[in-house]
Amino acid sequence: MTQEHEDTRAAWDKIAAGYDKTNTETQQWLGRESVRRAGLRAGMRFLDVAAGSGALSLPAARLGAEVLATDLSPAMLGFLRDRARKEHLDIETRVMDGHDLELESSTFDMVGSQFGVMTFPDQSRGIREMTRVVKPGGRVLMSVYGSPAEIDFLGCFVSAVRSVRPDFVPPMDPPPPEFRLADPEKLRRELAEAGLEGVRIDQITEHTEFKSAQLLWEWIIWSNPIVERILGMLKVTREERAIVAQAIRALWEKRAASTGIATLAAPINIGWGTK
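From a predicted model like this one, the values you see are computed outputs, not experimental measurements. (Residues numbered from 1 in each chain as written. Predicted model: local features only at pLDDT ≥ 70, side-chain atom pairs only at ≥ 80, totals over all residues. Heavy atoms only, no water.)

Chemist: Sorry if this is basic, but what is going on with the overall build of the chain here?
Modeler: The helix and strand tally for the chain stands at 10 helices and seven strands. Taken over the C-alpha trace, the chain has a radius of gyration of 18 Å; the compact-globule value for 275 residues is 19 Å, and the two agree within 12%. Along the longest, intermediate and shortest principal axes, the C-alpha atoms of the chain span 55 × 40 × 35 Å. Residues classed as buried in the chain amount to 55% of the 275 residues present. Contacts in the chain between residues at least 24 apart in sequence constitute 77% of all its contacts with a sequence separation of at least 6. Summing over all exposed atoms, the chain offers an accessible surface of approximately 12600 Å²; the carbon and sulfur share of this is 49%. For the chain, the distance from the average position of its 35 positive side-chain charges to the average position of its 39 negative side-chain charges is 3 Å. (Helix = DSSP H or I, 4+ residues; strand = E, 2+ residues; numbered from the N terminus. Rg over C-alpha atoms; globule rule 2.2 N^0.38 Å. Buried < 20%, exposed > 50% of the residue type's maximum accessible area, 1.4 Å probe, protein only. Contact = heavy atoms within 4.5 Å. Areas by Shrake-Rupley, 256 points an atom, 1.4 Å probe, with all protein chains shown as cover. Lys, Arg positive; Asp, Glu negative; His and termini not counted. Charge placed at Lys NZ, Arg CZ, Asp CG, Glu CD.)

Chemist: Sorry if this is basic, but what is going on with the sheet that holds strand 4 (residues 108-114) here?
Modeler: Sheets are built from strands paired through backbone hydrogen bonds, the pairs being either parallel or antiparallel. Spatial ordering of the open sheet is given by 3-2-1-4-5-7-6, a layout of seven strands whose pairing is mixed. Where the open sheet ends on each side, the last strands, each with one partner, are strand 3 (91-95) and strand 6 (197-210). Each strand axis lies, on average, 20° off the axis of its neighbour in the sheet, ignoring direction. Bridge count between strand 5 (residues 134-145) and strand 7 (residues 262-274): seven bridges; the pairing is antiparallel. Its bridge partner lying in strand 7, Val 144 is registered against Asn 269. Where helix 6 (residues 152-161) meets the sheet, its contacts fall on strand 5 and strand 7, and the angle it forms with strand 7 comes to roughly 130°. (Pairing = 2+ DSSP bridges. Axes fitted to C-alpha atoms, helices over the stretch in contact; angles between N-to-C directions.)

Chemist: Quick question: what am I supposed to make of the pattern of salt bridges here?
Modeler: Side chains that differ in sign of charge can pair as their charged atoms come close. Counted by the stated rule, this structure contains 17 salt bridges. For the salt bridge of Lys 21 with Glu 218, the shortest nitrogen-to-oxygen distance reads 3.3 Å. On the criterion of sequence distance, the pair formed by Lys 21 in helix 1 (residues 3-26) and Glu 218 in helix 8 (residues 213-221) is long-range, its members being 197 residues apart. Exposure remark for Lys 21: the relative accessible area of 47% places this residue in the partly exposed category. Close ionic contact of Glu 66 with Arg 45 constitutes a salt bridge, the shortest N to O distance being 3.7 Å. In this pair, Glu 66 sits in strand 2 (residues 66-71) while Arg 45 sits in strand 1 (residues 45-49), placing the two residues 21 residues apart along the sequence. With relative accessibility at 47%, the residue Glu 66 sits in the partly exposed group. On the accessibility criterion, Arg 45 (28% relative accessible area) is partly exposed. (Salt bridge = Lys/Arg side-chain N within 4 Å of Asp/Glu carboxyl O.)

In structure tokens form, the structure reads like this:
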């Protein structure tokens, strides 16, 4: 394993507990919606690539699919197993790099990734690997973020950071891997170029509710290692970090003024195609 992969594994292991508590808890609805649209049924063999702690694997298993969840982070898969055990779901897990799946070709009825392969340095290779291991006639499913300009939680984070770094501009040239498939036509091309036919892209909006400013802050900082990386790059001190958190509180209070709940929206591209 390369040093880059070791660093990536360590970064995701570090935030795994927080990610499981926040993101996995709130994004299972998207997993349900994605596998429903792509046509997953009971008895199918389903592979989840870069599965995290199960926001896609768990809904697939609840449908009765035979699920294998893979991820580079052992910690993430540990939390997935804990969730599966509590629900008496049979989900196999294997630590694996999605760039080079240690699996036979033409093995699964459907291969999916939710907010996983979109983070890869080489997304095209990840999608080709997903296509390789799906059976002829099977489907590859990708769920990724849409336009970063329309992602509320990203806007909240940038605004809060500017409370201590007024000139902060998020690095978008080139965009981080997380947003390189934001254009639905780019996602369509990537799936088609991997050899998939009948590619379809559905654009939906994710709505996430936060009952407190603390929950919003935790959701943001545990959503992806890039958040802590940015705070470190900007050399945000402990005192300044408290100011950033207070800015998040102010944003939450503004959005929650009428109901006591702040709802944040994000555009999502759900794409799938048939081998």
